[in-house]
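Residue-level listing of the chains:
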Amino acid sequence: MGRGKFVRWLPSETNYVSNFLKAVEVAEKKGINVTQFGIFDLFNPSKYACVSPHKYKIVVMPNNTDVLFCLGAQEEFGAAVKLFTVGRISGKKLYINKRKLESLPFKFSVDKIKKCKSCFIKYLCKGICPALNAARNGDWKKPDNFSCHIRKGIIKGLLVKKYTELAVGRD
Ligand code: SF4
């Protein structure tokens, strides 16, 4: 199917959250589930952002030469791709920059991020995707503000929705 055109544009956080929650309502009536990065792990809490920091997975890109820390760090992430490139394949040989690999978020738990310490969704959000953080802030340990706001807004909205439905159902 190919890919859409890449446009650097972000809606406001408030618009994003309210429109996402509206989309959930509309989809529900049609029997469709909609999802969003921030709720992928709604029922799968963890301290680690994804399999790369958790399970020591690295990724060979489709060009068969670059080895990246994770799938998230793709070309639209600009300079972050370099930060997350940990090796290459040449012929039948695999070269890994061990020092660089060890500097990336292996077993880096959300509990180590100061901003996230007392967040009510920290084990669902896990401090956002390290590659996205690096692309937005130049630092994989610094959560992207936009994603932080929308995750809190969406999860709060879904909890309120569920609570309201249950409360109405009890009457
Ligand atoms: S929503 Fe924000 S504060 Fe909460 S865990 Fe995610 S990045 Fe941290």
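Provided above is the structure to which this section pertains.
Summary of the structure given here. (Residues numbered from 1 in each chain as written. Predicted model: local features only at pLDDT ≥ 70, side-chain atom pairs only at ≥ 80, totals over all residues. Heavy atoms only, no water.)

1. Digging into the overall build of the protein chain
And step 1. Counting its regular elements, the protein chain contains seven helices and four strands.
And step 2. Shown N-terminal to C-terminal, the secondary structure of the protein chain runs as helices and strands in the order α-α-β-β-α-β-β-α-α-α-α.
And step 3. Taken along its principal axes, the extent of the C-alpha atoms in the protein chain is 65 × 40 × 25 Å.
And step 4. Counting all 171 residues of the protein chain, 35% fall into the buried class.
And step 5. Once local pairs closer than 6 in sequence are excluded, the contacts in the protein chain between residues at least 24 apart make up 56%.
And step 6. Put simply, the protein chain shows about 11,700 Å² of open surface, and 58% of that area lies on carbon and sulfur atoms.
And step 7. Put simply, the protein chain has 32 plus and 13 minus side-chain charges, and the middle of one group is 6 Å from the middle of the other. (Helix = DSSP H or I, 4+ residues; strand = E, 2+ residues; numbered from the N terminus. Buried < 20%, exposed > 50% of the residue type's maximum accessible area, 1.4 Å probe, protein only. Contact = heavy atoms within 4.5 Å. Areas by Shrake-Rupley, 256 points an atom, 1.4 Å probe, with all protein chains shown as cover. Lys, Arg positive; Asp, Glu negative; His and termini not counted. Charge placed at Lys NZ, Arg CZ, Asp CG, Glu CD.)

2. Re helix α1 (residues 13-29)
And step 1. Here α1 spans 25 Å end to end across 17 residues, near enough to the 24 Å set by a 1.5 Å rise per residue.
And step 2. If you check which residues of α1 are buried, you get Val17, Phe20, Val24 and Ala27. Down the axis of α1, the sector holding all buried residues measures 95°, keeping them to one side. Exposed positions of α1 whose direction lies more than 90 degrees from the buried face are Thr14, Lys22 and Lys29.
And step 3. The positive-phi residue at the C-terminal boundary of α1 is Gly31, with phi of around 70°. (Expected span 1.5 Å × (residues − 1). Arc of directions from axis to C-beta.)

3. Some details on the pattern of salt bridges
And step 1. Going through the model one piece at a time under the given rule, you end up with nine salt bridges.
And step 2. Residue Asp111 pairs with Lys47 through a salt bridge whose shortest N-O separation is 3.8 Å. Residue Asp111 is located in the loop between α4 (98-103) and α5 (122-125), and its partner Lys47 is located in the loop between α1 and α2 (51-55); the two are separated by 64 residues in the primary sequence.
And step 3. Its relative accessible area of 21% is what places Asp111 among the partly exposed residues. (Salt bridge = Lys/Arg side-chain N within 4 Å of Asp/Glu carboxyl O.)

4. Things to note about empty space enclosed by the protein
And step 1. All chains considered together, the criterion is met by one cavity of 30 Å³ or more.
And step 2. Residue lining of the largest cavity: 14 residues in total, with Ala49, Phe108, Ile113, Lys126 and Pro130 positioned closest to the centre.
And step 3. The residue inventory of the lining of the largest cavity, partitioned by class, reads nine nonpolar, three polar and two charged. (1 Å grid on protein atoms, 1.4 Å probe; cavity = no way out; pocket = protein on both sides within 12 Å on 5 of 7 lines; lining within 4 Å. Points joined across faces, edges and corners; volume = space filled by probe spheres on them. Nonpolar A, V, L, I, M, F, W, Y, C, P; charged D, E, K, R; others polar.)

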